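As a plain string of letters, each chain reads:
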Amino acid sequence: MKQIATFIVNEKHYELAIEPHMLLVEVLRDELGLTGTKHSCGIGSCGACTVLIDGRPTLACLTLALTVRGKDIRTIEGLAQGTTLHPIQKTFVEHGAIQCGYCTPGMVLSAKALLDKNLNPTEQEVKHALSGNLCRCTGYIKIIDAVLAAAEAMSKEAHP
Amino acid sequence: MSQKLSVVGKRIIQPDAAAKATGNAIYASDITIPGMLIGRVLRSPYPHAKIKRIDKSKAENLPGVEALITPEDTAQWKKFDRGLKDLPMIAGGYTVPADEGVLNERARHFGDAIAAVAAINEHIAEEALELIEVEYEELPFVIDPEEAMKPGATQISDFAGSNIGKHMSYAFPEGDVEKALGEADCVVEGTFTTTKQEHCTAESAAAVARIDISGRLIVWSQCQLAHLARREIAHIFNMPVRKVKLITPVIGGSFGQRGSLCAEPICIALALKTGKPVKLVYSREENFIALESRTGFKCNLKIGFKKDGTLTAIQVYMLGRLGGYMGCGPMASAIGMIFGLGHYRCPNRAGEADMVMTNTPVSGAFRGFGNPAIMWGIEQLVDEAAEKLNMDPLTIRLKNIKRAGEIANMGLCLESTYLEECIKRGAKAIGWREKWGKTKKGKTRRGVGVATMTHCSGAAPLYLDHSNAFVKLNEDGSADLVVHPAPVGQHIWGALSQIAAEELGIHAEDINIVTGDTDVTLFEYGSDASRSTYAVGNATLMAAHEAKEQILARAAEMLDVSSEALKISDRKISSRTDPKKSISVAEVCYDAIYNFKGECLNISGKCSWESKWNSPPAGAFFAEVEVNTDTGQVTVIRFVTAMDCGKAINPMAVEGQLEGGMQQGIGYGLTEDYVINKDTGVVETDNYDSYKMPGILDMPKTKVIIIDEPDPKGPFGAKGVGEPGMVGVAPAIANAIYDAIGVRIKDLPITPEKVLEVLLDLR
Amino acid sequence: MARLLRPFEYREPQTVGEAVRMLSEYGAQARVLAGGTDLLISMKKRQVSPEYMIYIKNIPDLNFINYSQEAGLGIGALATHSAIADSSIIKNMFDLLATACNKVGTPQVRNMATIGGNICKAGPSQDTPPVLLVLDAKLKLVSPGGERLVPVENFFIGPFKTVLRDAELLTEIQIPNPPPVSAGCYKWATKTVAVDETLVGVAVLMTLDSADGVCTDIKIALGSVAPTPMRARQAEEVLRGKRIDDRLIKQAAQVAAGETRPRSRADYRRRMSRLLVSEAVAETWHKIR
């Protein structure tokens, strides 16, 4: 039986009729057309479906959509301001941290959650924050570089 | 050859990077078309079974289900080879029998496709699958290739009398190997086994198909070889080629797996059956069981040396496990032998391979093809010989690596090689002199190891390396470049933009890549064999050159100078002798298009060619490992890859290939094991909870060294570098382990238990 | 191989009482959903297909971390692994629990998965159960008939099997104050890569009678080496009441390895049990001193 629920995604309110067994990843991709959140392993191992719920990295493929109604959901589409990239997106682009790009949304959001709490992470802290996001293309090297560079850029902006 | 370059060699940003960073890039699995149905596939739970009966009634009557197809429905279409290797692309008439149906009434491996549904959404499609009732007759099955070769083993294919799908011989045999081995001062030999590594592409296989208003079949396909796929699809579905249009979206990873047809055939079948658009996206488990993964081998190698370390003979027998269908698997052995046996200078070389069919998921091409498997053994044996001959691993290699001017692995002249540079600079970077060959003691011991390799830039002269490029200049001095490599993440659009821009004298961001539509792009063999930068790049260079000639001719007229006196750079054409005589590229192009003197021209250039050359990239890989002799754990602490891939068009992109290759090589060497249950034929490692690829915490400290010397044949001197990054990783690790603890592991993957076992044997 | 879930009836009880009444009514056809990182995977693999999904994360007062000198540590069943791992009180006073919770899954999984869910799943390779064993944790189980407090050592009865009844809900984990001059740690080895299932997990809690005195008490528990998390009681006997030294630690580790009953990779697990017990006891001992 479908239920009407309000979803707050990237600060926008959506009223949707969804079945209880629908996963958040389905609702985002199929109901809202936000295909930036990817559906890859389905069992929570790869992190490609990572979204931020109340600021915390969460796996959309293992979340029933109804359980997060009314919560603050951020997907990759909510980061850029128009065509202005978020600092983390900018450094990913500049440092060659994106190859096929499929893991990128999840990586960027996990990185964002880290930098929102800590603008001066060590390399180890960056690795731990991204340890739930798998990448097969880059070897992770430039991803780490990009996150550290974003931390520096965001730090400068916060304390000029 | 020194070049003054303004665009090539720069670390430019990729044209598609921002779209990928914002979630706006549309992959095949993201596509939505009004009225689109979702497909799902029913797969055999048995490794070998005949379908006796399929009861469709419950599934077909489920509201929302629009089609249910079975092998009966797909019998109207032709059988095929998913590896696209039965096409006339390979010299010497190599063919693979068309042995696979869109759906198959005899399942040949766990997960073989036997039925498919299309429904209005994925939930209903999923539910429908569960309502299909199938009666199977289980057949005897065989998992192990050696068992499959025995007389009386269950026959897997329809075409051959045995399960040996193909017997392959080394393409460039020379000398008398038996005699030379007999005369050698030192012979090293061993049997080395490798695994069926799964690609683990972030995006699973996906395809979308629809019939358009004129009855044409439009397919969004992830295939790396779009024009070949188009031809094969037309053939399978009994259509003329002109009725098929393939669109290549951005692809979420391939590493060779999308060099074959993946989700396309079943997706198209459902679209034809329903007359509606259909999207078929494989689950992660289906990726593991329905698609080709790396061909696993058992290699028996023998190498002979003179006592001064000169390599005199090399011989290999490769036994490869193909799976239920042949796919690209047989070529893995051919390629492995070509690169392995042709790597060092050696006057006596021979190799044979048996590629055996088994009731297991299909084996095919994965970064490096058969090269990683054969070098796994060769590079360890070279180290063994070095020890026997009292030489160090670097010296013995420097003695035997080929030099420029010799015959390279594919039988062509080796135009350039800087492998010696790679070895020397890599050794320095890893700290070879301080670390190698020292007495190791204690619970944890460190060691360093090296492995070298060579690969290819394209597949000439073995394959038809046919590429095309078309450049047209717009009125504002920008250019559209029409090419069709596969955008699998390797930054090819950026590289081609740089090549075109460098030649045209404009900026990389002035190039617009027009691609991904077989209606528009001229024939392109595709992205394969590390060829895109080299072969498509050369086509691009020549097309841009032709356009440049037209620009210069026009400019010469407009400036009233001879075109020989002109140079283009930074969007401007100017006279070498009189700098005041200058005009922008934009002005020239505009004037050509809107020409009121009756000489209208849209400046353009085209190149249609077959690459007749092959410049092998070469690399030296250095691993520093720490082995815990209590736990058997091997940690790769540091890894250095030094690569000669000619001139790096974009060093950032080249680093990316080598760093990514490192991750896959570490997985191949230490963590990835594709397990098939011997008793049931079921694939036990079908997702990331059971199949472990290296995560961010598993990567060592890395360093990439790009020699960056141009090759005479590559575009601005570039060579291929898509595949090499993975080839030398595992053997370098194995050699480092030997340096650390004095034992060798010959069977992949290296596990703590294997390390402990050999350590205990040693004691 | 399915990516999606089969349909079910969905319930959001607002109180524990409501939840257990529902469980009582629906019986085996119902499943409790908290974080979802175990259950939803099982459902996708079609290992379980509940007709009723009882979502309990909206029940207030089940998500807390409370500490008092008198009562010790109380953790609500809905506390997430990341909340526990980040809790300063737990990092300071029960750091082995923080360590174990920080090892579970991935950062995303830790934000979603609850300790209650982890305990009730009772997977033999899980990280929190051996820690709870050495911490002498008690589990509060509530049913329509009332509540009971079950020591964690009596809770696990087999792989994925516990004493939890159909209509019972785990609501709280109670952990007493460790005695003064105590320390503990959790050490593990994974199956293959760094972020991976635990191959062997070892939890230790040691009490000395003074900073370099005799070991008055020691608890050693292992995970992933037997059908349930287990105490290595014989190994404990080697150390209890003695003055600790390296030789004794090695001996105890050897004994502990002998007590394990691993099913797969048995030899290697026994070896790793020995090595990790040795490491964990030594590290704990050094911590106290």
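1. Looking at helix α21 (residues 752-762) of chain B
- All of the buried residues along α21 of chain B are Pro752, Val755 and Leu756 of chain B. End-on view of α21 of chain B: buried residues confined to an arc of 95°, all on one side of the axis.
- Against the buried residues of α21 of chain B lie β26 (618-628) and β27 (634-644) of chain B together with α11 (266-288) of chain C.

2. Here we look at the domain arrangement of chain C
Residues and elements named next belong to chain C.
- Splitting chain C by domain gives domain 1 (9-55), domain 2 (65-175) and domain 3 (182-288).
- A separation of 19 Å is found between the C-alpha centroids of domain 1 and domain 2.
- Between domain 1 and domain 2, the contact holds 14 residues from the first and 18 residues from the second.
- Broken down by element, the side of domain 1 that touches domain 2 gets its largest block of residues, six residues, from helix α1 (residues 16-26).
- Broken down by class, the residue content of the side of domain 1 that touches domain 2 amounts to seven nonpolar, five polar and two charged.

3. A word on the interface of chain A and chain C
- At the interface, 24 residues of chain A touch 22 residues of chain C.
- Of the residues forming the side of chain A that touches chain C, the biggest block, four residues, is contributed by strand β4 (residues 56-59) of chain A.
- Its residues assigned to classes, the side of chain A that touches chain C comprises nine nonpolar, 12 polar and three charged.

4. Examining the sheet that holds strand β25 (residues 604-610) of chain B
All names here are of chain B.
- With mixed pairing, four strands are arranged side by side in an open sheet as β21-β20-β19-β25. Each having just a single partner strand, β21 (511-514) and β25 make up the two edges of the open sheet. Each adjacent strand pair in this sheet contributes to an overall mean axis angle of 15°, direction not counted.
- Lying over the sheet, helix α15 (residues 492-504) contacts β19 (466-473), β20 (479-482) and β21, oriented at roughly 130° with respect to β21.

5. Here we look at the nonpolar core
- With 415 residues, the main nonpolar core has Ile733 and Ile737 of chain B as its most contacted residues.
- Residues in contact with Ile733 of chain B, not counting those within four places in the same chain, are Gly449, Ala623, Val625, Val636, Gly669, Leu670 and Ile750 of chain B.

6. Focus on the interface of chain A and chain B
- Taken together, the contact between chain A and chain B spans 39 residues of the former and 41 residues of the latter.
- Breaking the side of chain A that touches chain B down by element, the ones donating at least two residues are α2 (87-94), α3 (104-117) and α5 (141-158) of chain A.
- For the side of chain A that touches chain B, the element with the highest residue contribution is α2 of chain A, accounting for four residues.
- A per-class count over the side of chain A that touches chain B returns 20 nonpolar, 14 polar and five charged.

Conventions adopted
Residues numbered from 1 in each chain as written. Chains lettered and ligands numbered in written order. Predicted model: local features only at pLDDT ≥ 70, side-chain atom pairs only at ≥ 80, totals over all residues. Buried ≥ 20, exposed ≤ 12 C-beta atoms within 10 Å, placed from the backbone. Helix = DSSP H or I, 4+ residues; strand = E, 2+ residues; numbered from the N terminus. Arc of directions from axis to C-beta. Contact = placed C-beta atoms within 7 Å. Domains from an automatic or database assignment. Nonpolar A, V, L, I, M, F, W, Y, C, P; charged D, E, K, R; others polar. Pairing = 2+ DSSP bridges. Axes fitted to C-alpha atoms, helices over the stretch in contact; angles between N-to-C directions. Core = buried A, V, L, I, M, F, W, Y, C linked by C-beta atoms within 7 Å.

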